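Spelled out from the first residue to the last, the chains are:
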Amino acid sequence: MTTKPFSTSVRVLLALLCLASAASATAAQAAKPAPDLLVRLAWSVRVSLLVAAAASLISLVIGVTWGVAAGYLGGRTDALLMRVVDVLYSVPFTPFVIVLTVLFGRDLLLLFVAIGAASWLAIARIVRGQARGLRQREFVVAAEIAGLGAMQIMWRHILPNLIGIVIVFLTLTIPTVI
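These notes cover the structure that comes with them. (Residues numbered from 1 in each chain as written. Predicted model: local features only at pLDDT ≥ 70, side-chain atom pairs only at ≥ 80, totals over all residues. Heavy atoms only, no water.)

### Thoughts on the packing of helix 3 (residues 46–73) against helix 7 (residues 121–135)
Two elements in contact, helix 3 and helix 7, have axes whose closest approach is 7 Å; the angle formed by their N-to-C orientations is 35 degrees. At the point where helix 3 passes helix 7, the crossing takes the right-handed sense. Judged by residue contacts, Ser 59, Gly 63, Val 64, Trp 66, Gly 67, Val 68, Ala 70, Gly 71, Tyr 72 and Leu 73 of helix 3 engage Ile 123, Ala 124, Val 127, Arg 128, Ala 131, Arg 132 and Arg 135 from helix 7. Looking at the contact of helix 3 with helix 7 residue by residue, the class counts come to 10 nonpolar, 4 polar and 3 charged. (Axes fitted to C-alpha atoms, helices over the stretch in contact; angles between N-to-C directions. Helix = DSSP H or I, 4+ residues; strand = E, 2+ residues; numbered from the N terminus. Left-handed = near helix turned anticlockwise from the far one by under 90°. Contact = heavy atoms within 4.5 Å. Nonpolar A, V, L, I, M, F, W, Y, C, P; charged D, E, K, R; others polar.)

The following block contains the structure:
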């Protein structure tokens, strides 16, 4: 049994893209082969997607670390860490990124860090709330009784139970930082 390489709808879409590309070509460009529209689109969004992915990962690392520490440790540590988040929420996003890029230079890597450093606040609040809920669960209490330290409990017990929420929030962060 032979299979077709593309379905009918994909072939129709490719034909329409070729027609659109050919219709937009001028007489001088007709002799040169031109890249199709999908290649042009992919080429044009590469920097935006790179910035979004890198900044989202940076904000994820900062926010999850901050939120897990605040949620699990609680007490004065929680109050202090969340007041820092409240103060940073009062700073406008765009001027904050501009100030960071002026202070540290105009490099693409520093732009990733600046955007990531400005967009971790919401994930920290969400992770903190979930970590506070997990703090009273039986497996965390058992780990405390077993003598594990706070870092081990946060890394081995709290963080793995937050992965689902973190992944969902990561998918919501990517379009926000674009």
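### Section: the pattern of salt bridges
Enumeration according to the criterion identifies 4 salt bridges in this entry. Note that Asp 78 is salt-bridged to Arg 132, the shortest N-O span being 2.9 Å. Separated by 54 residues along the polypeptide, Asp 78 in helix 4 (residues 75–89) and Arg 132 in helix 7 bring together distant segments of the chain. Note on Arg 132: relative accessible area 31%, which makes it partly exposed. Among the salt bridges present, the one from Arg 83 reaches Asp 86, with a minimum N-O distance of 2.9 Å. Of the two residues, Arg 83 and Asp 86 both sit in helix 4, 3 residues apart, roughly one turn of that helix. Classification of Arg 83 as partly exposed rests on a relative accessible area of 46%. (Salt bridge = Lys/Arg side-chain N within 4 Å of Asp/Glu carboxyl O. Buried < 20%, exposed > 50% of the residue type's maximum accessible area, 1.4 Å probe, protein only.)

### Some points on a nonpolar patch on the surface
Among the surface-exposed residues, Val 47, Leu 50 and Leu 108 lie close enough to one another that they form a single nonpolar patch of about 240 Å² accessible area. Among the structural elements, Leu 50 can be located in helix 3. By relative accessible area, Leu 50 is classed as partly exposed at 44%. (Patch = residues over 30% accessible without salt bridge, like charges linked within 9 Å, V, L, I, M, F, W, Y side chains within 5 Å. Areas by Shrake-Rupley, 256 points an atom, 1.4 Å probe, with all protein chains shown as cover.)

### A few points about the packing of helix 3 against helix 6 (residues 108–118)
Following both chains from N to C, one finds helix 3 and helix 6 inclined at 50 degrees, their axes separated by 7 Å at the closest point. Taken together, the axis directions place helix 3 and helix 6 in an arrangement best described as oblique. At the point where helix 3 passes helix 6, the crossing takes the right-handed sense. Between helix 3 and helix 6, the residues in contact are Leu 50, Val 51, Ala 54, Ala 55, Ile 58, Ser 59 and Ile 62 and Leu 111, Phe 112, Val 113, Ile 115, Gly 116 and Ala 117, respectively. (Parallel < 35°, antiparallel > 145°, perpendicular 65-115°, else oblique.)

### Considerations on the packing of aromatic side chains
This structure, assessed with the given rule, holds 1 aromatic pair. Judged by centre distance (5.0 Å) and plane angle (55 degrees), the rings of Trp 66 and Trp 120 are tilted. In this pair, Trp 66 is assigned in helix 3 and Trp 120 in the loop between helix 6 and helix 7, connecting sequence segments 54 residues apart. Overall, the relative accessible area of 24% leaves Trp 66 in the partly exposed class. Its end group placed over the ring of Trp 43, Arg 46 keeps NZ or CZ at 4.1 Å from the ring centre. (Phe/Tyr/Trp six-rings, centres within 6.5 Å; stacked < 30°, edge-to-face > 60°. Lys NZ or Arg CZ within 6 Å of the ring centre and 35° of its normal.)

Any link to function would need more than the numbers given here.
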